[in-house]
Amino acid sequence: QVQLVESGGGLVQPGGSLRLSCVVSETIFSISTMNWYRQPPGKERELVAGITTVGILNYADSVKGRFTISRDNAKNTVSLQMNSLKPEDTAVYYCNAHHVFPWGPRDYWGQGTQVTVSS
C-alpha cells in the first residue's frame with residue numbers, strides 16, 4: 001500500500017517560514033516525480049512546486065524565489081521550504097507522487113496539511 005505522510009504545517013505570521021515534509025513509500029518514491037500542491041479556501045487545487053527523479057525543478061510563478069523543493073532519496077522524503085510567507089499562501093498543502101506506468105499515469109496523494117499565514 002502506497003503511503004504519503006505529510007508534516008510541518010501550522011500558523012505563521014506574514015514574513016515567516018515553515019518547512020513541510022512528506023515521507024513516501026519507498027516503492028513509489030524512487031520512480032516518481034514529487035510535487036507539492038495547495039488548495040486555498042474556496043479555490044481549486046494548484047501546483048506549487050515539483051522535482052523529478054533526476055532533480056529537475058518546477059515552481060509556480062507565485063512562489064519562485066520564496067519556496068524551495070528538495071528530495072532526500074535516502075529517506076524517501078520530499079520537503080518544501082517556505083520563506084517570506086504571505087497571507088495568500090494560506091491553504092491546505094498536499095504531497096503528490098506522479099508516475100507514468102506502461103498502462104497510464106497514476107497519482108498518489110497525502111492527506112494534506114494546513115498552512116495559515118496570519119498576524
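Here, every reference points to the structure presented above.
All figures in this text were calculated on a predicted structure; none of them were measured in a lab. Here, residues in each chain are numbered from 1, in the same order as that chain's written sequence. Reporting of local features is limited, given that this is a predicted model, to residues whose pLDDT is at least 70; pairs of side-chain atoms are given and counted only at 80 or more, and all residues count toward the totals for whole chains, interfaces and linings. Here the side-chain values reflect all heavy atoms present in the structure, with hydrogen atoms and water set aside.

Colleague: Go over the packing of aromatic side chains with me, naming the residues and quoting the values.
Modeller: Aromatic pairing here means that ring centres of Phe, Tyr or Trp (its six-membered ring) are within 6.5 Å. Orientation follows from the plane angle: under 30 degrees is stacked, over 60 is edge-to-face, and everything else is tilted. A complete count under the given rule lists three aromatic pairs for this structure. Note on Phe101 and Trp103: the rings are 4.8 Å apart at their centroids and 10 degrees apart in plane angle, and the pair reads as stacked. Under the scheme applied here, a residue whose accessible area is under 20% of the maximum for its type counts as buried, over 50% as exposed, and between as partly exposed, the area being computed with a 1.4 Å probe on protein chains only. Take Phe101: its relative accessible area is 17%, and that puts it in the buried class. An aromatic cluster of at least three residues, connected via ring pairs, comprises Tyr37, Tyr94 and Trp109. Of note, Arg45 hangs over the ring of Tyr94, and the distance from its end group to the ring centre comes to 3.8 Å. For Arg71, the ring lying beneath its charged end belongs to Phe29, and the centroid distance is 4.4 Å. Comment: the charge-over-ring label is applied if NZ (Lys) or CZ (Arg) is within 6 Å of the ring centre and within 35 degrees of the ring normal.

Colleague: Provide a residue-level description of the side chain of Asn35, including the pertinent values.
Modeller: Looking at the secondary structure, you find Asn35 in strand β4 (residues 33–39). Setting aside chain neighbours within four positions, we find Asn35 in contact with Leu47, Ala49, Gly50, Ile51, Tyr94, Cys95, Asn96 and His98. Elements are defined by DSSP. Helices are runs of H or I of four residues or more, strands are runs of E of two residues or more, and each kind is numbered from the N terminus. The contact definition used throughout considers only heavy atoms, calling two residues in contact when any of these lie within 4.5 Å.

Colleague: Which residues make up the state of the cysteines, and what values go with them?
Modeller: The term disulfide is used for any two cysteine sulfur atoms that are within 2.5 Å. A full pass over the atoms with the stated rule returns one disulfide. Here Cys22 pairs with Cys95 through a disulfide, and the sulfurs are 2.2 Å apart. Here Cys22 and Cys95 share a disulfide; its torsion about the S-S bond, -85 degrees, makes the bridge left-handed. One end of the pair, Cys22, is in strand β3 (residues 18–24); the other, Cys95, is in strand β9 (residues 91–101), with 73 residues separating them in the sequence.

Colleague: A description of the side chain of Arg66 should follow, citing residues and the corresponding values.
Modeller: Considering the arrangement of structural elements, one finds Arg66 in the loop between β6 (57–59) and β7 (67–72). Those residues in contact with Arg66 that sit more than four places away from it in its chain are Gln81, Met82, Asn83, Ser84, Leu85, Lys86 and Asp89.

Colleague: Run through the sheet that holds strand β8 (residues 77–82), naming residues and quoting values.
Modeller: Two strands qualify as a pair provided DSSP detects at least 2 bridges between them. Here we have four strands laid out as an open sheet, ordered β1-β3-β8-β7, and antiparallel in their pairing. Taken across any chain shown, the strands that pair with only one partner, and hence form the sheet edges, are β1 (4–7) and β7. The sheet shows a mean angle of 15 degrees between the axes of neighbouring strands, direction not considered. As paired strands, β3 and β8 are joined by six bridges and run antiparallel to one another. Note on method: axes are straight lines fitted to C-alpha atoms, helices fitted across the in-contact stretch only, with angles between N-to-C directions ranging 0 to 180 degrees.

Colleague: Run through the pairing of β7, naming residues and quoting values.
Modeller: One face of the sheet, then the other: side chains in a regular strand alternate in exactly this way. Only one face of β7 is buried: it carries Phe67, Ile69 and Arg71, and the other face, with Thr68, Ser70 and Asp72, is open. Summarising the sheet, β7 and β8 pair through six bridges and their orientation is antiparallel. Paired with Thr68 across the two strands is Gln81, which belongs to β8. In sequence, β7 turns back onto β8 through a hairpin of four residues, with Asn76 there showing a positive phi of about 55 degrees.

Colleague: Describe the pairing of strand β11 (residues 113–117), with residues and values.
Modeller: Of the two faces of β11, only the one carrying Thr113, Val115 and Val117 is buried; Gln114 and Thr116 on the other face are not. In this sheet, β11 lies alongside strand β2 (residues 10–12) in parallel orientation, the contact comprising three bridges. Bridge pairing links Leu11 to Thr116 in β11. Across three bridges, the pairing between β9 and β11 is antiparallel. Across the sheet, Tyr93 pairs through a bridge with Thr113, a residue of β11.

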